[in-house]
Structure formats: C-alpha cells, structure tokens
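# Understanding the architecture of this molecule
Single-letter residue listing:
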Amino acid sequence: MTAHTAVVFTRYMMLSLESRESNDERSLGELFLYFSDEMSDITWIQAFQLLLQMFRELAADHLDTTDDKIDTLADAFMDAVPALLKSKLQAAKIIEH
C-alpha cells in the first residue's frame, strides 16, 4: 500500500510539473500575447477619459447645440456619477473639485 501511494504521488508530481511547464500564454501564437498585453496597458481612468471624450464628440456631431451646452450636459452627467467614483476622478484630475 505504501509503494502504491508513493507511485501515485510520484506520477502526480510528474504530471503537475509537465502541466506547469507546458502552459504557454502564446498558445494561439503571438497574436494572443500582443492582445493581452495591449488590454493591460489602459487603466479604467483612461477608459473613462476616452468615453467622456467620445460622448462630447458625438454630442457635437449629432446635436445642433453649442459647446457651452455640451459642457453643461457633461457637467450634469459628472454630477450624477456616484461619490466614490467622483472622488477617484477628481484625484486623477479628470473633473474639477
């Protein structure tokens, strides 16, 4: 029984080692590696900045309104943002205090 248990554990250790060494993030070629690296480069603050910029551009393109009204609408949106998120955005200087 002891020998059998030793063989089973030895086989498990060998299979675990093989599994650990054979895992490769580039399993779909370098495309997967480049894609995953690109996704990790942007922070959520940068993503929010991009979304806010896109909102302003779309509003300017599709609404017959002045820049002042777009700014007022963006400010109203930022006022509606939850307090925790607003404090993070203020710390990142995306919105004014």
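Up top is the structure.
These notes cover the structure that comes with them. In this text, all values refer to a predicted model and were calculated from it rather than measured experimentally. (Residues numbered from 1 in each chain as written. Predicted model: local features only at pLDDT ≥ 70, side-chain atom pairs only at ≥ 80, totals over all residues. Heavy atoms only, no water.)

## Details of helix H1 (residues 2-22)
Condition: By definition, any uninterrupted DSSP run of H or I lasting at least four residues is a helix, any uninterrupted run of E lasting at least two residues is a strand, and each is numbered from the N terminus. Here a helix's expected span is defined as the number of its residues, less one, multiplied by 1.5 Å. We call a residue buried when its accessible area falls under 20% of the maximum for its residue type, exposed when it is over 50%, and partly exposed in between, using a 1.4 Å probe and counting protein chains only.
An ideal rise of 1.5 Å per residue puts 30 Å on 21 residues; H1 measures up with 30 Å between its terminal C-alpha atoms. Among the 21 residues that make up H1, zero are buried, leaving the element largely open to the surroundings.

## Details of the pattern of salt bridges
We count it as follows: Here, a salt bridge means any Lys or Arg side-chain nitrogen found within 4 Å of an Asp or Glu carboxyl oxygen.
Going through the model one piece at a time under the given rule, you end up with one salt bridge. Note that arginine 56 is salt-bridged to aspartate 71, the shortest N-O span being 2.4 Å. You can see arginine 56 sitting in helix H3 (residues 44-62) and its partner aspartate 71 sitting in helix H4 (residues 67-80), a full 15 residues away along the chain. By relative accessible area, aspartate 71 is classed as partly exposed at 32%.

## What about the packing of H3 against H4?
The relative placement of two packed helices is expressed as an angle between their axes plus a distance between the axes. We count it as follows: Here, axes are lines fitted to C-alpha atoms. For helices the fit covers the stretch in contact, and angles between N-to-C directions go from 0 to 180 degrees. Should the near helix be turned counterclockwise from the far one by less than a right angle, the crossing is left-handed, whereas a clockwise turn marks it as right-handed. Only heavy atoms matter for contacts: two residues are in contact if any of them lie within 4.5 Å across the pair.
At a minimum axis separation of 10 Å, H3 and H4 run at an interaxial angle of 145°. As for how H3 packs across H4, the hand of that crossing is right-handed. Taking contact as the criterion, the partners of Phe48, Leu52, Phe55, Arg56, Ala59 and Ala60 in H3 are, on H4, Ile70, Asp71, Leu73, Ala74, Phe77 and Met78.

## Considerations on H4
End to end, H4 covers 20 Å across 14 residues, agreeing with the expected 20 Å (1.5 Å per residue, within 8%). Packing partners of the buried residues in H4 comprise H3 and helix H5 (83-91).

## What to know about the packing of aromatic side chains
The line we're drawing: When two rings of Phe, Tyr or Trp (its six-membered ring) have centres within 6.5 Å they constitute a pair, described as stacked for plane angles under 30 degrees, edge-to-face for angles over 60, and tilted for the intermediate range.
Summed over the entire model, instances satisfying the criterion amount to one aromatic pair. Summarising the aromatic geometry, the rings of phenylalanine 48 and phenylalanine 77 are spaced 6.4 Å apart at their centres and angled 15° between planes, so their arrangement reads as stacked. In this pair, phenylalanine 48 is assigned in helix H3 and phenylalanine 77 in helix H4, connecting sequence segments 29 residues apart. We classify phenylalanine 77 as partly exposed; its relative accessible area is 42%.

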